[in-house]
Amino acid sequence: MATTDRHAVPPAALALAHALSTAERGLAVIPLSRTKLPALRSPHRDDPDPAPCHGECGLPGHGVYDATTDPARIRALFAAAPRATGYGIACGLPPHHLIGIDLDTKSGTDSSAALRELALRHLFTIPDTVVVATPSGGRHVWLSGPPDAVVPNSAGRLAPGIDIRGAGGYLVGPGSRTAQGVYSAVPGTAHLPVAPCPPALLRLLTPPPRAHHPSHAHPGQHGHGLVQFVLAAHEGQRNTRLFWAACRAHESDLGDTLTEALVDAATRTGLTEREARSTIASAGRLTRHNAETRQASQGHA
């Protein structure tokens, strides 16, 4: 006698269903493969000298820059990635400005104990929020950040076994199937709101920028902070810092005002002017699209 169960549903269809449900909460998603990497290959992979592109070419395949909450776009991304078995949730984007606290177990350290020790030392508590169990026995704790704070990605900087997923990073979403197993929400947390990051923890996650050469004048403390954040970038994080600083500038209606100062800061860190302007333009397009999507969803509410 033939039987059916949930495993008869194609993995991509399950992943799409979970991704759409997550997007309803205002969290932007992308399809992932079984390796936890973005499921869509870059459209520029065969270009001999590809220019920096974060999706302005109009094609999918730009990793976390493809992330969206638009159901039609999500379906299109998964249609282009029929082998997807999971989905990633972009961190740092409005409205939640998601921060992921990744409590790893692979290093052999007790990362949960390390987080508790940090909490005692710095006088904060982790609020009730969404927690996702990983196949390796770890935990992803979801927190939301303020719009004017850019939390960088890091591995082990806060404490051994604790990785941070911030601006430019993503978390594997609950319901995703990977080569290691299934990610699932810890019982009782799936429908909790994403809790704000405690201020004391946020200060640990956003270290002050390094001293650097003075840049051009720029208006306001917020604009100055964004430029300094770019100036503090180390090699390997320059483009990511510039992109998210530019997103914050556009969200604060400072995009046009800060463009030249951000370009100047980025070139001081080692990016070319062409790379800097392309990244800032991408940030402007993404910010406008997110604003239009939110307005459209509110109009249909």
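Residues numbered from 1 in each chain as written. Predicted model: local features only at pLDDT ≥ 70, side-chain atom pairs only at ≥ 80, totals over all residues. Heavy atoms only, no water.

Moving on, we get to the packing of aromatic side chains. Working definition: an aromatic ring pair is given by the centre-to-centre distance plus the angle between the planes. Scanning all chains against the criterion turns up 2 aromatic pairs. Seen from their ring centres, F243 and W244 are 5.0 Å apart, and the 90 degrees between their planes marks the pair as edge-to-face. For the pair shown, F243 and W244 are each scored as buried. Connected via pairs of aromatic rings, a cluster forms that spans Y65, F243 and W244. (Phe/Tyr/Trp six-rings, centres within 6.5 Å; stacked < 30°, edge-to-face > 60°. Buried < 20%, exposed > 50% of the residue type's maximum accessible area, 1.4 Å probe, protein only.)

Glancing now at the sheet that holds strand β2 (residues 86-90). The strand order across the open sheet built from 3 strands is β1-β2-β8, with neighbouring strands paired in antiparallel fashion. Two strands close off the open sheet at either side, each with one partner strand: β1 (29-32) and β8 (170-172). Looking at each pair of strands side by side, their axes are set apart by 35 degrees on average, direction ignored. Judged from the 4 bridges that link them, β1 and β2 form a sheet pairing that is antiparallel. What sits directly across from I30, in β2, is G88. Along the sheet face, helix α2 (residues 71-79) touches β1 and β2 and points at about 15 degrees away from the line of β1. (Pairing = 2+ DSSP bridges. Helix = DSSP H or I, 4+ residues; strand = E, 2+ residues; numbered from the N terminus. Axes fitted to C-alpha atoms, helices over the stretch in contact; angles between N-to-C directions. Contact = heavy atoms within 4.5 Å.)

Here helix α3 (residues 111-122) is 12 residues long and its end C-alpha atoms lie 16 Å apart, about the 16 Å a rise of 1.5 Å per residue gives. Taken together, the buried positions of α3 are S111, A114, L115, L118 and A119. Within α3, the buried residues cover an arc of 140 degrees as seen down the axis, which keeps them to one side. Within α3, the exposed residues directed more than 90 degrees away from the buried face are R116, L120 and R121. (Expected span 1.5 Å × (residues − 1). Arc of directions from axis to C-beta.)

Let us look at the packing of helix α1 (residues 11-23) against α2. Between α1 and α2, the least distance of the axes is 10 Å, while the angle of their chain directions is 155 degrees. If you check the angle between α1 and α2, you find them roughly antiparallel. Note that α1 runs across α2; the crossing there is right-handed. Residues A12, A15, L16, A19, L20 and A23 of α1 pack against P71, I74, R75 and F78 of α2. Tallied by class, the residues present in the contact of α1 with α2 amount to 9 nonpolar, no polar and 1 charged. (Parallel < 35°, antiparallel > 145°, perpendicular 65-115°, else oblique. Left-handed = near helix turned anticlockwise from the far one by under 90°. Nonpolar A, V, L, I, M, F, W, Y, C, P; charged D, E, K, R; others polar.)

Between P94 and P95 the backbone carries a cis peptide bond, its omega angle lying at 5 degrees. Its place among the elements puts P95 in the loop between β2 and β3 (98-103). Phi at L123 is positive, roughly 60 degrees, even though this residue is not glycine. For L123, the position within the fold is in the loop between α3 and β4 (131-133).

With that settled, consider the nonpolar core. Grouped together as the largest cluster of nonpolar side chains are 57 residues, with contacts concentrated most on L98, W142, L242, L258 and L262. Not counting residues up to four positions away in its chain, the partners in contact with W142 are L27, I89, L98, I99, T129, V130, V132, L171, P174, V194 and A195. (Core = buried A, V, L, I, M, F, W, Y, C linked by side-chain atoms within 4.5 Å.)

Another aspect to go through is the pattern of salt bridges. According to the stated counting rule, one finds 6 salt bridges in the structure shown. With a shortest N-O distance of 3.8 Å, E251 and R248 are connected by a salt bridge. Of this pair, E251 and R248 both sit in helix α6 (residues 238-251), 3 residues apart, roughly one helical turn. Here R277 makes a salt bridge to E260, at a shortest N to O gap of 2.9 Å. Placement of the pair is R277 in helix α8 (residues 273-299) and E260 in helix α7 (residues 255-269), with a sequence separation of 17 residues. (Salt bridge = Lys/Arg side-chain N within 4 Å of Asp/Glu carboxyl O.)

When the pLDDT values of the chain are averaged, the result is 85; 86% of them are 70 or greater. By mean pLDDT, helix α5 (residues 220-231) is the weakest element of the chain at 74, and β4 is the strongest at 98. Note that pLDDT drops below 50 for residues 210-219; the model gives that stretch 24 contacts with residues more than four away or on any other chain. (pLDDT = per-residue confidence, 0-100.)

Its 14 residues give α6 an end-to-end C-alpha distance of 20 Å, which sits within 8% of 20 Å, the value for a rise of 1.5 Å per residue. Of the residues making up α6, those classed as buried are R241, L242, F243, W244, A245, A246, C247, R248 and A249.

Moving on, we get to the side chain of R241. Within the secondary structure layout, R241 lies in helix α6. The residues contacting R241, other than those within four sequence positions of it, are P152, F229, V230, A232 and A233.

As for its position among the elements, G161 is in the loop between β6 (154-159) and β7 (162-165). Assessed through its relative accessible area of 11%, G161 is described here as buried. In sequence terms G161 and D102 are 59 residues apart; their C-alpha atoms lie 8.0 Å from each other.

It is worth spelling out the environment of G169 at this point. For G169, the location among the structural elements is in the loop between β7 and β8. Here the alpha-carbon distance between G169 and V64, two residues 105 residues apart in the chain, equals 7.0 Å. If sequence neighbours within four positions are ignored, G169 has contacts with V64, I89, A90, C91 and N153.

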